[in-house]
Amino acid sequence: MDIQSLSAAQSYASARPATKPNPAPEGAGLGGAFQDFASTLRQSEALSESAMTGQADPHALVQALAQTELAVETAVTVRNKVVEAYQEILRMPV
Amino acid sequence: MNEFSNTLKVTASALRAQAMRLRHTAENISNADTPGYRRKTVPFESMTGSGDGVDLVKTGRVRLDGGRLPRIHDPAHPMADANGHYQGSNVNLMLEIADAREAQRSYEANLKMFDQARQMSASLMDLLRK
């Protein structure tokens, strides 16, 4: 019995580092995606402003707005999915 | 940038190019009766810009048609020479109408592509929404 608990403790200690948080996540990841999203929004905002004052052509405006629609739709859908998953976890009986 | 964004970008550049082509056709038609006017044509060039392998289209430098200007007999015209002739424009209205119609068809095709890309991305997101 002693040996069993000892080996259990050992295997637990060896498996423990796997759950450690990574201090520096590799690549751009989610942060990069959000930055991309924000820059798309900012770009289309600037473009619609200049189109309203008659400086940009309507094709660029339509393109930027469609691009933004695509990005916002993606972001909203992903957020809804994340919130849904979180609520699912909250509802879990403990 | 994902492929849908790239599609939108390419299509928008094509729409812009066709609008430019239509503008030059309109200039030709407007100046069909201008003495000495030469027909303008605008070439399309592919533009591989931002290094992501996406071939945009843009309009190149405007070219003037080198065809012969017709000599029109009208002694009352202020620009008429000693023989009563002046040089007209070499715009062929039939050609211009055909060109304008072609620009319209290409524009419609690109609009359809734009809409198609939007619909495809919307249906992709519908999968997640359920």
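Quantities reported herein were computed from a predicted structural model and do not represent experimental measurements. Note that residues are indexed from 1 along each chain, following the sequence as it is written. Chain letters start at A and ligand numbers start at 1, both assigned in the order the entries are written. In keeping with the model being predicted, local features are shown solely for residues with a pLDDT of at least 70 and side-chain atom pairs are shown and tallied solely at 80 or more, while totals for entire chains, interfaces and linings include all residues.

### Re the overall build of chain A
Turning to step 1, where the next piece is worked out: In DSSP terms, a helix is any run of H or I states spanning at least four residues, a strand is any run of E spanning at least two, and both are numbered starting from the N terminus. In terms of regular secondary structure, chain A is built from three helices and zero strands.
Turning to step 2, where the next piece is worked out: Ordering the α and β elements of chain A from the N terminus gives α-α-α.
Turning to step 3, where the next piece is worked out: In this treatment the radius of gyration is a C-alpha quantity, and the globule benchmark scales as 2.2 Å times the residue count to the 0.38 power. Taking 12 Å as the expected radius of gyration for a compact globule of 94 residues, we find that chain A reaches 24 Å, considerably beyond that expectation.
Turning to step 4, where the next piece is worked out: With respect to the principal axes defined by its C-alpha atoms, chain A has extents near 80 × 30 × 15 Å.
Turning to step 5, where the next piece is worked out: In this scheme the burial state of a residue depends on its C-beta neighbours within 10 Å: 20 or more other such atoms mean buried, 12 or fewer mean exposed, and anything in between means partly exposed; the C-beta positions come from the backbone. Across the 94 residues that make up chain A, the buried fraction comes to 9%.

### Some words on the packing of helix H3 (residues 58–90) of chain A against helix H2 (residues 93–129) of chain B
Turning to step 1, where the next piece is worked out: Axes here refer to lines fitted to C-alpha atoms; in helices the fit is confined to the stretch in contact. Angles between the N-to-C directions go from 0 to 180 degrees. Contact geometry for H3 of chain A and H2 of chain B: axes closest at 10 Å, N-to-C directions at 5 degrees. Classified by the angle their axes make, H3 of chain A and H2 of chain B are roughly parallel. Taking contact as the criterion, the partners of Ala66, Leu70, Glu73, Thr74, Thr77 and Lys81 of chain A in H3 of chain A are, on H2 of chain B, Arg118, Ser121, Met125, Leu128 and Arg129 of chain B.
Turning to step 2, where the next piece is worked out: Ten residues, namely Ala, Val, Leu, Ile, Met, Phe, Trp, Tyr, Cys and Pro, are considered nonpolar, four, namely Asp, Glu, Lys and Arg, are considered charged, and the remaining ones, Gly among them, are considered polar. The class makeup of the residues in the contact of H3 of chain A with H2 of chain B is four nonpolar, three polar and four charged. Oblique is the label for every angle not falling under 35 degrees (roughly parallel), over 145 degrees (roughly antiparallel), or within 65 to 115 degrees (roughly perpendicular). Two residues qualify as being in contact provided that their C-beta atoms, derived from the backbone, are within 7 Å of each other.

### Side note on helix H1 (residues 2–15) of chain A
Turning to step 1, where the next piece is worked out: The span one expects for a helix is its residue count, reduced by one, times 1.5 Å. Here H1 of chain A contains 14 residues, and its C-alpha end-to-end distance of 20 Å stays within 8% of the 20 Å for a straight helix at 1.5 Å per residue.
Turning to step 2, where the next piece is worked out: Judged by how many residues are buried, H1 of chain A sits mostly at the surface: zero of 14 residues are covered.

### Brief notes about the environment of Pro17 of chain A
Residue and element names in this part refer to chain A.
Turning to step 1, where the next piece is worked out: Turning to its location among the elements, Pro17 is positioned in the loop between H1 and helix H2 (29–52).
Turning to step 2, where the next piece is worked out: The exposure class assigned to Pro17 is exposed, which follows from the 7 C-beta atoms found within 10 Å.
Turning to step 3, where the next piece is worked out: Note: C-alpha distance between Pro17 and Leu65 (48 residues apart in sequence) is 46 Å.

### Side note on the nonpolar core
Turning to step 1, where the next piece is worked out: In this description, a nonpolar core means buried residues of the types Ala, Val, Leu, Ile, Met, Phe, Trp, Tyr and Cys, linked to one another by C-beta atoms lying within 7 Å. Counting 10 residues, the largest nonpolar core consists of Ala66, Leu70 and Ala71 of chain A together with Leu8, Ala12, Ala14, Leu15, Ala17, Phe114 and Ala117 of chain B.
Turning to step 2, where the next piece is worked out: A per-element tally of this core places helix H1 (residues 3–30) of chain B first, with five residues.
Turning to step 3, where the next piece is worked out: Setting aside residues no more than four positions away along its own chain, Ala66 of chain A makes contact with Leu8 and Arg118 of chain B.

### Overview of the confidence of the model for chain B
Turning to step 1, where the next piece is worked out: Within chain B, residue pLDDT values average 90, and 97% of them lie at 70 or more.
Turning to step 2, where the next piece is worked out: Two summary scores accompany this predicted model of the complex, namely pTM at 0.75 and ipTM at 0.75. As a per-residue quantity, pLDDT reports the predictor's confidence and falls between 0 and 100.

### Comments concerning H3 of chain A
Turning to step 1, where the next piece is worked out: Its 33 residues place the ends of H3 of chain A 47 Å apart at the C-alpha level, agreeing with the 48 Å of an ideal helix rising 1.5 Å per residue.
Turning to step 2, where the next piece is worked out: Every buried residue of H3 of chain A is accounted for by Gln63, Ala64, Ala66, Gln67, Leu70 and Ala71 of chain A.

### A closer look at the packing of H3 of chain A against H1 of chain B
Turning to step 1, where the next piece is worked out: One way to put it is that H3 of chain A packs onto H1 of chain B with a least axis distance of 9 Å and a crossing angle of 165 degrees. It follows that H3 of chain A is roughly antiparallel to H1 of chain B by the angle criterion. The hand of the H3 of chain A/H1 of chain B crossing is right-handed. Facing His59, Ala60, Val62, Gln63, Ala66, Gln67 and Leu70 of chain A of H3 of chain A, the residues of H1 of chain B in contact are Phe4, Ser5, Leu8, Lys9, Ala12, Leu15, Arg16 and Ala19 of chain B.
Turning to step 2, where the next piece is worked out: Per-class residue counts for the contact of H3 of chain A with H1 of chain B are nine nonpolar, four polar and two charged. Two helices crossing with the near one rotated counterclockwise from the far one by less than a right angle form a left-handed crossing, whereas a clockwise rotation gives a right-handed crossing.

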